[in-house]
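Coordinate inspection notes
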Amino acid sequence: MATEAEADEEKVKEAEEVEEVKEAAEVKDAGKAKDTKKPGSETEEATRHVMESIRDSVEKSLLGQIEEKEVDVIPEALVIGGGIAGMYAALDIADAGFKVHLVERLPSIGGHMAQLDKTFPTLDCSACILTPRLVDVGAHPNINLMSYSEVVGVEGSIGNFKVKVLKKARFVEEDTCTGCSTCEEVCRLKGRFPNEFDVGLMKRAPIYRPFPFAIPAVYTVDAETCLMQKKGKCGKATLESTVEAVKKKERGEEVTKNEAPPCVIACDTMSIRHDMKDEIVELNVGGIIVATGYDIIEPECMPEYKYGVYPNIVNGLEFERYSSASGPTMGKILVGDLPEPKDAVFLSCVGSRNSQTGYEYCSRVCCMYLAKQAHLLEEKVPDCNITVLYQDVRAFGKGFEEFYDRVKSEGLSYRRGLASEIYKKPGSNRVVVRAEDTMLGEPIELEADLVILGVGLKPSEGTDKLLEMMGVPQTSDNFAKEAHPKLRPVDTDVAGVFVTGCAQGPKDIPDSVAQAKGAAGALLSILARGKAKINPTVVEMEEEMCIGTKSLVEMAENIGA
């Protein structure tokens, strides 16, 4: 019979045998599981773990550290465009104590407002209210006026924009020219070329000043029409002899007409320099305001109105020059060789709100400037019968509805309906405007001595290239796109670049000035802080554009290169 100790020893051995069996079974099961895995699966899994680890490390070390960067702001501003909006933006910034570079592509600032006779709805003299502002801009110590210049390059970002400006050769030294007009009077080609300020209704010389109260008050030589610039010779004088003649004049010696052109000989201040060259000026600014203004829509886009065919059909801007006391007819409504009109017709929405012309938007100002011009015509030619053909009257601004009611009460005829065509009355200088009175539902024909086309507004020439240069997107109608139409109307998607006036969309003078002051305030908030935050660029994959290649060679094969 086994003792108690022997019994305990047997129990221990049995337990050890059971453990050995379990371990053997686990090893066997593990082997089977290992055999069921696909060849190379462990390597792929290990590689995946390594790649995930690398990705996590990169994101943690780089992407995790991305944050806004603060940079110093250069305390200077650039305003592109010297119209009424650009002028007020520049003045507000300059008055705050910051330097402003005002770049204007024409020889003078003032824009289209300088061409107008009166302004609606108050009928203020345009020149009377504009001229003081022109003088303020030209004399302000903080404004660097760069007329006859264009922006040709923009780099950098908010706080530090690097801008290249092409300063075109004026061939007249601005610092010494007094604007005395002597050079223009003696020019061989005086009165030969259309004056752009008067919309081609008056002639000018190759050396000219756009209008009497132009700022800067200096003359400009038009290189495309000046004989010396175009042919290298004026009379018997050549460019080389002219340069030497200027040196002789500086020494106090006499110069003959064979040595220099008449303009150089007549200039007592020796300001005319035919050897001037274009130059590139580089500017560093903290922010930019785009105020490039507008051009009128060409009436030729609606050939049924016969603009350019019949002399008594003019556009709204031409009427402004006829009506202005400084215009070609000294304020008298005398178009061409025709007498004062006895019957006149104004047509609204010429070019605008028309999908066929490509300008589907409302230009906003046309209804009111036609009302103003109809009032001016009635005032200057009291016996004239005036009819306004309109599509809709949009008198949306402060005092506009009251002004519209005032004009209607003066005996003018407003008839709803657009003209379908204009043709000349046989055997007469008069024209016939054919339209439909949509209120009466019947066709009408109106005889007229004068027809004024209420043309709309479009972005000024070159605005699209300028916006593309700065990375500012455009709307479908080619105006600059604001960051938000209601909450950020002067900001653009490019930080530090603001837009104002008709560069952003058609608008009248009060709205242009108000928006200019808003843009100036927005830019001043950046300049005053002295610091600006920049969001670093993060590279992202455009999955739709990716063609899924692993090397340049494979990519070339895929695209057939």
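Before any of the text, the structure's been laid out above.
Residues numbered from 1 in each chain as written. Predicted model: local features only at pLDDT ≥ 70, side-chain atom pairs only at ≥ 80, totals over all residues. Heavy atoms only, no water.

**Section: helix 4 (residues 126-139)**
Taking 1.5 Å as the rise per residue, helix 4 with 14 residues should run 20 Å; its terminal C-alpha atoms sit 20 Å apart, in good agreement. Within helix 4 the residues assigned to the buried category are Ser-126, Leu-130, Leu-134 and Val-137. When helix 4 is viewed along its axis, its buried side chains cluster within an angular range of 65 degrees and face the same direction. Away from the buried face of helix 4 by more than 90 degrees, exposed residues Cys-128 and Ala-139 are located. As for helix 4, its buried residues are in contact with helix 3 (84-95), strand 3 (99-103), strand 4 (118-119), strand 5 (124-125) and strand 6 (143-146). (Helix = DSSP H or I, 4+ residues; strand = E, 2+ residues; numbered from the N terminus. Expected span 1.5 Å × (residues − 1). Buried < 20%, exposed > 50% of the residue type's maximum accessible area, 1.4 Å probe, protein only. Arc of directions from axis to C-beta. Contact = heavy atoms within 4.5 Å.)

**Observations regarding the packing of helix 10 (residues 366-380) against helix 11 (residues 400-408)**
Helix-helix packing: each pair is described by the crossing angle between the helix axes and the interaxial distance. Where helix 10 contacts helix 11, the axes come no closer than 10 Å and their chain directions differ by 35 degrees. As helix 10 packs across helix 11, the resulting crossing turns out to be left-handed. For the pair helix 10 and helix 11, contact is made by Met-368, Ala-371, Lys-372 and His-375 and by Phe-400, Phe-403, Arg-406 and Val-407, respectively. When the residues that make up the contact of helix 10 with helix 11 are grouped by side-chain class, the tally is five nonpolar, one polar and two charged. (Axes fitted to C-alpha atoms, helices over the stretch in contact; angles between N-to-C directions. Left-handed = near helix turned anticlockwise from the far one by under 90°. Nonpolar A, V, L, I, M, F, W, Y, C, P; charged D, E, K, R; others polar.)

**Considering helix 11**
Regarding helix 11, the residues found buried are Phe-400, Phe-403, Tyr-404 and Val-407. One side of helix 11 holds all its buried residues, which, seen down the axis, span an arc of 100 degrees.

**A closer look at the sheet that holds strand 23 (residues 431-437)**
Taking strand neighbours across the sheet as the criterion, the three strands line up as 22-23-24 in an open arrangement whose pairing is antiparallel. Looking at the sheet topology across the chains shown, the edges are occupied by strand 22 (419-424) and strand 24 (442-448). The sheet shows a mean angle of 20 degrees between the axes of neighbouring strands, taken without regard to direction. (Pairing = 2+ DSSP bridges.)

**Description of the packing of aromatic side chains**
Scanning the entire structure with this criterion turns up nine aromatic pairs. Ring geometry for Phe-211 and Phe-213: centres 4.6 Å apart, planes at 65 degrees, overall edge-to-face. Ring geometry for Tyr-359 versus Tyr-361: centroids 6.3 Å apart, planes at 85 degrees, classification edge-to-face. Look at Tyr-359 and you get buried, because its relative accessible area is 19%. Among the aromatic side chains, those forming a connected cluster through ring pairs are Phe-120, Phe-396 and Phe-400. In this structure, Lys-168 packs its charged tip against the face of Tyr-148, placed 4.6 Å from the ring centre. Between Arg-204 and the ring centre of Tyr-208, over which it is positioned, the NZ or CZ distance is 4.0 Å. (Phe/Tyr/Trp six-rings, centres within 6.5 Å; stacked < 30°, edge-to-face > 60°. Lys NZ or Arg CZ within 6 Å of the ring centre and 35° of its normal.)

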